[in-house]
Amino acid sequence: MSAHLCGRSPKTPAIGVALNGLSYLAAALTLLLASDALAVELIAHRGYTCRSVENTVGAVTDAWLLRADGVELDLNVASDGVVVVFHDDNVGRRRIADMTFAEIQAATYQTVPTLASVLALGRPRGYYVLDLKAAAPGSYSGLSELLAAAKLNPAMVVIQSEYLAVLAEVRAAFPGARYHYVARLKRRLLTLGTPDADSLLASIAGHGLDGVSLKGRKAIDVDYIQRLHRADLRVFVWTINEPKRALHYQRLGVDGIITDALDELHVAITGTGAARSPCSDHEGFVKPSDSAQQ
């Protein structure tokens, strides 16, 4: 800021006072805008999994209790069309898509919830991020009816996938939600580099997307994020668990951080709350009798 705006001009005291007042207003506005720019949403990856198994009603409930801005869930579809909250494509040696919901339940020692049962919890404060894992066309033909039946405000639902054709199908049936492309940003074999922002934008152009969910990579910098923002895309990064990395991405200007360490990042970013003690990983869903077959 130039010197004449920071103090009173001896020749024109009235103008100097006015300009001085304006400079303080400008400074206050700058700080406010900077604060908004640094605001970042914390999204619980598969719910809060310290006390409950991932992608379960308990994990979702705990995430809302810990003031998550959003809860990310993985969706697969059973052979009888039931949308289940489950990450993997298979249970043991059987594909989820080839199993009925009853068979999935019988094959797991933890109850695999349906999406309907999770949505019945409501949405206490934030939004759901629904990650569509199935790639087959028509897999999610019943998803729009489920979301409509839950009476969710579409604007409070983010639907993401690495399959653009799947996103297009669901978007046509359920407009109003926010749609994100999941970009793993795999390293190129020849250049060993991460795809740049322009390459990413070119690959998703014309699909009417609202955002991207990026795997956290070192190549992501301020320019990368700003390029995506200039294209009117919101930016999430995943899966960020260390407070230092979370603060780094917050400074870069990302809109959301998907994390397993919801409470720890909440402390780091907001300075409020209490950090959790480390918790052990869960062993998973497959029954011990099936584990030898994996």
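Participant: Quick one: what's the story with the overall build of the protein chain, residue by residue and with numbers?
Facilitator: Secondary structure summary: the protein chain contains 11 helices and 11 strands in total. The proportion of buried residues among the 294 residues of the protein chain is 42%. Of the contacts formed within the protein chain by residues at least 6 apart in sequence, a portion of 57% connects residues at least 24 apart. In the form shown here, the protein chain has an accessible surface area of approximately 15,100 Å², with 56% of it arising from carbon and sulfur atoms.

Participant: Go over unusual backbone geometry with me, naming the residues and quoting the values.
Facilitator: Residues W238 and T239 are joined by a peptide bond in cis, for which omega reads -25°. Following the sequence through the fold, T239 ends up in the loop between β10 (234-238) and α9 (243-252). One non-glycine residue, L185, lies in the positive phi region at around 50°. Mapped onto the elements, L185 comes out in the loop between β8 (178-183) and α7 (197-204).

Participant: Please set out the environment of P195 residue by residue, giving values where relevant.
Facilitator: Tracing the backbone through its elements, the reader meets P195 in the loop between β8 and α7. As for P195 and A183, which are separated by 12 residues in sequence, their C-alpha atoms are 9.8 Å apart.

Participant: Break down the packing of aromatic side chains for me, citing the residues and quoting the values.
Facilitator: For any pair of aromatic rings, the description consists of the separation of the ring centres together with the inter-plane angle of the planes. For the coordinates displayed, the defined rule picks out two aromatic pairs. Where W64 meets Y128, the ring centres are 5.5 Å apart and the plane angle is 80°; that geometry is what we call edge-to-face. In this pair, W64 is assigned in helix α2 (residues 57-65) and Y128 in strand β6 (residues 127-132), connecting sequence segments 64 residues apart. Exposure class is identical for W64 and Y128. Each is buried. Consider the rings of Y127 and F236, whose centres lie 6.5 Å apart with planes at 15°: the pair is stacked.

Participant: Could you give me a rundown of the confidence of the model for the protein chain, with the residues and numbers involved?
Facilitator: Scored by pLDDT, the protein chain has a mean of 83; 77% of the residues are at 70 or more. Across residues 277-294 the pLDDT falls below 50, and counting only partners more than four positions away or on other chains, this stretch makes 33 contacts in the model.

Participant: Give me the environment of L119: which residues, what numbers.
Facilitator: Here L119 lies in helix α4 (residues 115-119). Given the relative accessible area of 5%, L119 is considered buried. It is 9.4 Å that separates the C-alpha atoms of L119 and A149, two residues lying 30 residues apart in sequence. Beyond its immediate sequence surroundings of up to four residues, L119 is in contact with Y128, L146, L147, A150 and L152.

Participant: Outline the packing of α7 against helix α8 (residues 222-230), listing residues and values.
Facilitator: Between two packed helices, both the angle of their axes relative to each other and the distance between the axes serve to describe the pair. Relative to each other, α7 and α8 sit at 30°, their axes nearing to 9 Å. Accordingly, the angle class assigned to the pair α7 and α8 is roughly parallel. Crossing geometry of α7 relative to α8 is assigned as right-handed. Packed against α7, whose contacting residues are A197, D198, L200 and L201, the element α8 presents Y224, R227 and L228 at the interface. Residues that form the contact of α7 with α8 fall into these classes: five nonpolar, no polar and two charged.

Participant: Explain α7 to me, and be specific about the residues and the numbers.
Facilitator: Of all the positions in α7, only A197, L200, L201 and I204 are classed as buried. The buried residues of α7 occupy an angular sector of 100° when the element is viewed end-on, so they sit on one face. As for α7, its buried residues are in contact with α6 (164-173), β8, β9 (211-215) and α8. Near the N-terminus of α7, the side chain that reaches the backbone nitrogen of D198, with its oxygen 3.3 Å away, is that of D196. Following α7 by one or two positions, G206 has its phi on the positive side, about 85°.

Parameters at a glance
Residues numbered from 1 in each chain as written. Predicted model: local features only at pLDDT ≥ 70, side-chain atom pairs only at ≥ 80, totals over all residues. Heavy atoms only, no water. Helix = DSSP H or I, 4+ residues; strand = E, 2+ residues; numbered from the N terminus. Buried < 20%, exposed > 50% of the residue type's maximum accessible area, 1.4 Å probe, protein only. Contact = heavy atoms within 4.5 Å. Areas by Shrake-Rupley, 256 points an atom, 1.4 Å probe, with all protein chains shown as cover. Phe/Tyr/Trp six-rings, centres within 6.5 Å; stacked < 30°, edge-to-face > 60°. pLDDT = per-residue confidence, 0-100. Axes fitted to C-alpha atoms, helices over the stretch in contact; angles between N-to-C directions. Parallel < 35°, antiparallel > 145°, perpendicular 65-115°, else oblique. Left-handed = near helix turned anticlockwise from the far one by under 90°. Nonpolar A, V, L, I, M, F, W, Y, C, P; charged D, E, K, R; others polar. Arc of directions from axis to C-beta. Polar contact = N/O pair within 3.5 Å; in protein donor to acceptor, adjacent residues only side chain to side chain.

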